[in-house]
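# A closer look at the structure
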Amino acid sequence: MTETGVKRVVIAGGGTAGWLAAAVLSRQLGMILDITLVESEEIGTIGVGEATIPTMRAFQGLLGVDEQEFMRATKASFKLGIAFEGWTRPGDRYVHSFGTVGKSTWMGDFQHFWLEAQARGDAGDIGDYCFELQAAEAGRFATDDRSQLNYAYHLDASLYARFLRTRAEADGLKRVEGKIAKVEQDPESGNIRALVLESGTRIEGDLFIDCTGFAALLIGKTLDVGFEDWGHWLPTDSAFAVQTTAVAPARPYTRAIAHGAGWRWQIPLQHRVGNGLIYASAHLSDDEARAQLLREVEGEVLIEPRKIRYRTGRRLRAWEKNCIALSLAGGFVEPLESTTLHLIMTGLTRLMQQFPSEGISAAVVDRYNDQSRRELEAVRDFIVLHYHLNQRDEPFWRERREMTIPDALQTRIALFEDAAQTYQGGDDLFRTDSWLQVMLGQGLRPRAHHPMARIMPREQLGRALGDIKRNITAAVAKLPQHQAFLDRYCASG
């Protein structure tokens, strides 16, 4: 354990990661900490994904955020899931929603009953039995105190950082503008002592949070923590991002559209649409990628496409000495399932729960690093699943289908293929319903299912599934159109 407690926290870098850290620390621990954020153009402009997952709503509660105020400020829309287009083969489509599929029992999950009913010719598509999925497909949405929809948001990341900055500064955070020229370390312990700016300003701290993006100025360049590369599983390494005007009402879901060397995203906000093309540079040149994105987007292009280079993998340790890396500085898995903001938030939640106010303990650091590793590996496996289970013919996709995948993922696939079983482990972000929807959507069909479903008489099983489907259809019909609800609930003007 370090000799002194943590009283001064320095956040290196702005952007969404830096300002999330600033907002939550200032709100929850601002009375006992001196918190400073250092921001410059070099380390403050790297954005994160504009799509989120439902866990964000709970984290917003920690910040005391009013949903309507937040959505107006960030020009946000609602999100019920992701539509995957062409991921199994060109022309195919499925939706990974945030909802629960059907009704399960203590003995087994809903898919066993559904598979039995399908074998008997008495069941529709698996998506027929999910409220969120059907609402997404119908373009409908509403939320109130009685709402049963499980949802997330599409948001403008730069506006969200601005929104967080306002809250953090109101809670006492100090912001310093300047470029980091030098990171000063203690010669004996190797701990970071101060950030020295080009202006000569010296900012001392007890704990430093690295939010400097892929540059990883503290955790990588200063403390020399190694990087575990996952490019052999997830070989995309480049993206172009561009904004366009909206040409249709905002859909309550993200689109992820596969192409020959990766995929393209479409994220509808209130005032515009976020677009991007993810690709493997070994299979598609930058010029070809840029041209393809501009050819396929809808609406008027609002900005020059921005090129992003990245490396998929993780730092060997997210917490090293007195430095914690968040977001891109600590690791990156492409934003296919919109996990970027979630991973920042869980990293901050762990820090809050294990905050080293009396000194940095090796046991706490080890626990934090182990949790961070297992969490990111579980997300990685879920993303690899989408790529591996494909039937496309392009070289990029054939390589993904034929590659050796992580053992834990192979075990999951075998369990579902052999016995229709899915599960959510202790370190898993994604629920059993998520694994079910993606596995079925990617064309994986179980060879067997639980015998309990065969015990139920055909008429009773058919009636049970029919009731679920009818109730969902009736509930969806009562919802307003998503765009109409946005205009009434949180229009940004």
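Preceding block: the structure.
Just so you know, the residues in each chain are numbered from 1, in the order the chain's sequence is written. Whole-chain, interface and lining totals are the exception, using all residues; otherwise, since this is a predicted model, local features are given only for residues with pLDDT of at least 70 and side-chain atom pairs are given and counted only at 80 or more. Just so you know, side-chain values use all the structure's heavy atoms and leave hydrogens and water out.

## Digging into the overall build of the protein
Regarding its fold elements, the protein presents 16 helices and 21 strands. Taking 2.2 N^0.38 as the reference for a compact globule, 493 residues should give roughly 23 Å; the C-alpha atoms of the protein span a radius of gyration of 23 Å, in line with that estimate. If you line up the protein on its principal axes, its C-alpha atoms span 75 × 50 × 50 Å. Contacts are residue-level and defined by heavy atoms, with any inter-residue pair within 4.5 Å sufficient. Contacts in the protein between residues at least 24 apart in sequence constitute 77% of all its contacts with a sequence separation of at least 6. Asp and Glu count as negative and Lys and Arg as positive, but His and the ends of the chain are not part of the count. Charged groups are reduced to one reference atom each: NZ for lysine, CZ for arginine, CG for aspartic acid, CD for glutamic acid. Between the mean site of the 57 positive side-chain charges and the mean site of the 64 negative ones, the protein shows a separation of 3 Å. The secondary structure listing takes helices from DSSP runs of H or I that are at least 4 residues long and strands from runs of E that are at least 2 residues long, numbered from the N terminus. Here the globule rule is a power law, 2.2 Å times the number of residues to the power 0.38, and the radius of gyration is based on C-alpha atoms.

## Quick notes on the pattern of salt bridges
By definition, a salt bridge exists where a carboxyl oxygen of Asp or Glu is found within 4 Å of a side-chain nitrogen of Lys or Arg. Scanning all chains against the criterion turns up 40 salt bridges. The residue Asp171 makes a salt bridge to Arg27 at a minimum N-O spacing of 3.1 Å. Residue Asp171 is found in the loop between helix 7 (157-170) and strand 7 (174-177), and its partner Arg27 is found in helix 1 (residues 15-29); the two are separated by 144 residues along the sequence. Residue exposure (1.4 Å probe, protein chains only): buried if accessible area is under 20% of the type maximum, exposed if over 50%, otherwise partly exposed. Since its relative accessible area comes to 29%, Asp171 is described here as partly exposed. For the salt bridge of Arg309 with Asp286, the shortest nitrogen-to-oxygen distance reads 2.5 Å. One end of the pair, Arg309, is in strand 17 (residues 306-309); the other, Asp286, is in helix 8 (residues 286-296), with 23 residues separating them in the sequence. Take Arg309: its relative accessible area is 42%, and that puts it in the partly exposed class. Overlapping salt bridges, with partners in common, bring together Arg8, Glu184, Asp186, Arg193, Arg202, Glu204 and Asp206 in one network.

## Points about helix 8
Within an α-helix, residues lying three or four positions from one another point in the same direction, as the helix has 3.6 residues per turn. What helix 8 keeps buried is the set Asp286, Ala289, Gln292 and Leu293. Burial along helix 8 is one-sided: seen end-on, the buried residues are contained in an arc of 130 degrees. Those residues of helix 8 that are exposed and aimed more than 90 degrees away from the buried face are Asp287 and Arg295. As used here, the arc belongs to the directions running from the helix axis to the C-beta atoms.

## Topic: the side chain of Glu184
Of note, Glu184 is situated in strand 8 (residues 180-185). On the basis of relative accessibility, which here comes to 14%, the residue Glu184 falls in the buried class. Throughout this description, a polar contact denotes any pair of N or O atoms lying within 3.5 Å of each other; where both atoms belong to protein, one of them has to be capable of donating a hydrogen while the other can accept it, and for residues adjacent in sequence the pair is counted only when both atoms sit in side chains. Among the polar contacts listed, one links the side chain of Glu184 to the side chain of Arg202, at a separation of 2.5 Å. Ignoring sequence-local partners within four residues, the contact set of Glu184 consists of Asn191, Ile192, Arg193, Ala194, Val196 and Arg202.

## Regarding the sheet that holds strand 4 (residues 81-85)
Here we have seven strands laid out as an open sheet, ordered 5-4-14-15-16-13-17, and mixed in their pairing. Because the sheet does not close on itself, it has two edges, and the strands there are strand 5 (93-97) and strand 17. Strand after strand, the sheet turns through a mean of 20 degrees between neighbouring axes, direction not considered. In the sheet, strand 4 pairs with strand 5 via five bridges, with the strands oriented antiparallel. Paired with Gly81 across the strands is Ser97, a residue of strand 5. The criterion for strand pairing is that DSSP finds at least two bridges linking the strands in question. Only the stretch in contact is used when a helix axis is fitted, and all axes are lines through C-alpha atoms; the angle between N-to-C directions ranges over 0 to 180 degrees.

## Structural notes on the nonpolar core
What makes a nonpolar core is a set of buried Ala, Val, Leu, Ile, Met, Phe, Trp, Tyr and Cys residues whose side-chain atoms join them at distances within 4.5 Å. Counting residues in hydrophobic clusters, the biggest one holds 132 residues, and the most contacted among them are Val9, Ile11, Leu20 and Tyr160. Contacts of Ile11, omitting those with residues within four sequence positions, involve Gly18, Ala21, Ala22, Ile35, Thr36, Leu37, Val38, Leu173, Ile209 and Cys211. In terms of nonpolar packing, the next biggest core, distinct from the first, is built from 19 residues, Ile192, Leu217, Leu223 and Cys323 among them.

## Let's talk about unusual backbone geometry
A positive phi angle, close to 55 degrees, is found at Lys75, a residue other than glycine. Relative to the assigned elements, Lys75 resides in the loop between helix 4 (67-74) and strand 3 (77-79). In this structure, Ser338 is a non-glycine residue whose phi angle is positive, near 55 degrees. Within the secondary structure, Ser338 is located in the loop between strand 21 (331-332) and helix 9 (340-353). Look at Ser338 and you get buried, because its relative accessible area is 6%.

## Overview of the side chain of Gln437
Its place among the elements puts Gln437 in helix 13 (residues 432-441). Overall, the relative accessible area of 5% leaves Gln437 in the buried class.

## What to know about the sheet that holds strand 9 (residues 192-197)
The three strands lie next to each other as 8-9-10, forming an open sheet whose pairing is antiparallel. Each edge of the sheet is formed by a strand with only one pairing partner; in this case those strands are strand 8 and strand 10 (202-204). For this sheet the average axis-to-axis angle between neighbouring strands, irrespective of direction, equals 20 degrees. Both strand 9 and strand 10 contribute to a ladder of three bridges, which runs antiparallel. Its bridge partner lying in strand 10, Leu195 is registered against Ile203.

## Examining the packing of aromatic side chains
Aromatic rings in a pair are described by how distant their centres are and how their planes are angled relative to each other. To pair, rings of Phe, Tyr and Trp, with the six-membered ring standing in for Trp, must have centres within 6.5 Å; the planes then decide the type, stacked if under 30 degrees apart, edge-to-face if over 60, and tilted in the middle. Under the defined criterion, the tally for this structure stands at 29 aromatic pairs. Ring geometry for Phe78 versus Phe485: centroids 5.9 Å apart, planes at 50 degrees, classification tilted. Remark: Phe485 occurs in helix 16 (residues 482-489) and Phe78 occurs in strand 3; sequence separation between them is 407 residues. Residues Phe78 and Phe485 agree in their burial class; the two are buried. When the centroid spacing of 6.2 Å and the interplanar angle of 5 degrees are considered together, the rings of Phe240 and Tyr279 count as stacked. On the criterion of sequence distance, the pair formed by Phe240 in strand 13 (residues 238-244) and Tyr279 in strand 16 (residues 273-279) is long-range, its members being 39 residues apart. There is no split in this pair, since Phe240 and Tyr279 are both buried. Members of the aromatic cluster, joined through ring pairs, are Phe70, Phe78, Phe141, Tyr151, Tyr153, Tyr160, Phe163, Phe485 and Tyr489. In this analysis the charged atom, NZ for Lys or CZ for Arg, is taken to sit over a ring once it is within 6 Å of the ring centre and within 35 degrees of the ring normal. Above the ring of Tyr151, the side-chain terminus of Arg57 is found at 3.7 Å from the ring centroid.

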